[in-house]
Each structure stands twice: as C-alpha cells, then as structure tokens.
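Analysis of the macromolecular model
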Amino acid sequence: MLRLILLTIAFVLTGCQLTPVLPAADTGKTNWYQAGYDDAIAGAVVKDDATLAANYNNLKPDRSRYLKGYASGQKKICQPDALHTRGVNGKLYPASCDGLNNAGQLREAWQRGMDQGARDALEKK
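Residues numbered from 1 in each chain as written. Predicted model: local features only at pLDDT ≥ 70, side-chain atom pairs only at ≥ 80, totals over all residues. Heavy atoms only, no water.

**A short note on unusual backbone geometry**
- Residues other than glycine seldom take positive phi values, yet N57 does so here, at roughly 50°.
- With respect to the secondary-structure elements, N57 resides in the loop between α3 (49–56) and α4 (63–77). (Helix = DSSP H or I, 4+ residues; strand = E, 2+ residues; numbered from the N terminus.)

Given below as structure tokens:
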C-alpha cells in the first residue's frame, strides 16, 4: 500500500513539472504591414520600435511598412458608421482613432452608438 502511495505521489509530481516557454526564433519574416494593420483594427496605439522588436522577436522592425499598415487599418475602422456600430455593440472607442484630424467627430458617432445601444438594451427589459 505504501508503495502505491509513493508511486502515485511520484507520478503526480512529475506531471507538475513546468516546461519553460522560450521566445520564438527570429525568422526575420514579420509582415510589418499586417502587424500595423492588426494593431489599428484592434484599436491599439502605434507601438514604438522597442515594443515591436520585443513583441515580434525581431530586432529590426520595418517602421515604414508598419505605419502604412496602421494607416490602412485606421481607414477601415475610423469611419463614423463603423464607430457608431461599435458603440451600439458596447465596444470601447479605439485609441487608434484618437490622433486623427476628425477624432472629435468620430468619438461623437461612437457615443451616439453607445447611447443607442443603452436605450435598446433598456427597451428589451
């Protein structure tokens, strides 16, 4: 019986061994345009080179490609209709739209959507 208990404890303890998580190898094949686009669509602010290098394990981020992708993502998400819909669905205002010239107008469209979404939710109750 004692052998069974010791064997069970040994088995359980070996199952609890931690496997270290290693960073991905630097392949140098980061699609910087897509990375920028994805950040803008996600509503993230523009990342600096040090953050990009750490996030993608790539010491030489292609900033110009990243910014082109980011601008493309902004064009898609930072539209009054898209932000209104985002507000209706209760999603946060994307920080990626804050630096634009028409940020005030965009935030107003989002807020109208938030207000409409709140009214709709109350009417359903």
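Anyway, onward from the coordinates.
**Concerning the state of the cysteines**
- Throughout the structure, instances matching the rule amount to one disulfide.
- Two residues, C78 and C97, share a disulfide whose sulfurs are 2.0 Å apart. The chirality of the disulfide connecting C78 with C97 is left-handed, given an S-S dihedral of about -95°. One end of the pair, C78, is in the loop between α4 and α5 (80–88); the other, C97, is in the loop between α5 and α6 (103–124), and 19 residues separate them in sequence. There is no split in this pair, since C78 and C97 are both buried. (Disulfide = S-S within 2.5 Å. Buried < 20%, exposed > 50% of the residue type's maximum accessible area, 1.4 Å probe, protein only.)

**Considerations on the environment of R119**
- Inspection of the secondary structure puts R119 in helix α6.
- C-alpha separation for the pair R119 and V88, spaced 31 residues apart in sequence, amounts to 9.5 Å.

**What about the packing of helix α2 (residues 32–42) against α4?**
- Contact geometry for α2 and α4: axes closest at 6 Å, N-to-C directions at 35°. Note on packing geometry: the crossing formed by α2 with α4 is right-handed. From α2, W32, Y33, A35, G36, Y37, D39, A40 and I41 reach across to α4, where they touch R65, Y66, K68, G69, Y70, S72, G73, Q74, K76 and I77.
- Split by residue class, the contact of α2 with α4 holds nine nonpolar, five polar and four charged. (Axes fitted to C-alpha atoms, helices over the stretch in contact; angles between N-to-C directions. Left-handed = near helix turned anticlockwise from the far one by under 90°. Contact = heavy atoms within 4.5 Å. Nonpolar A, V, L, I, M, F, W, Y, C, P; charged D, E, K, R; others polar.)

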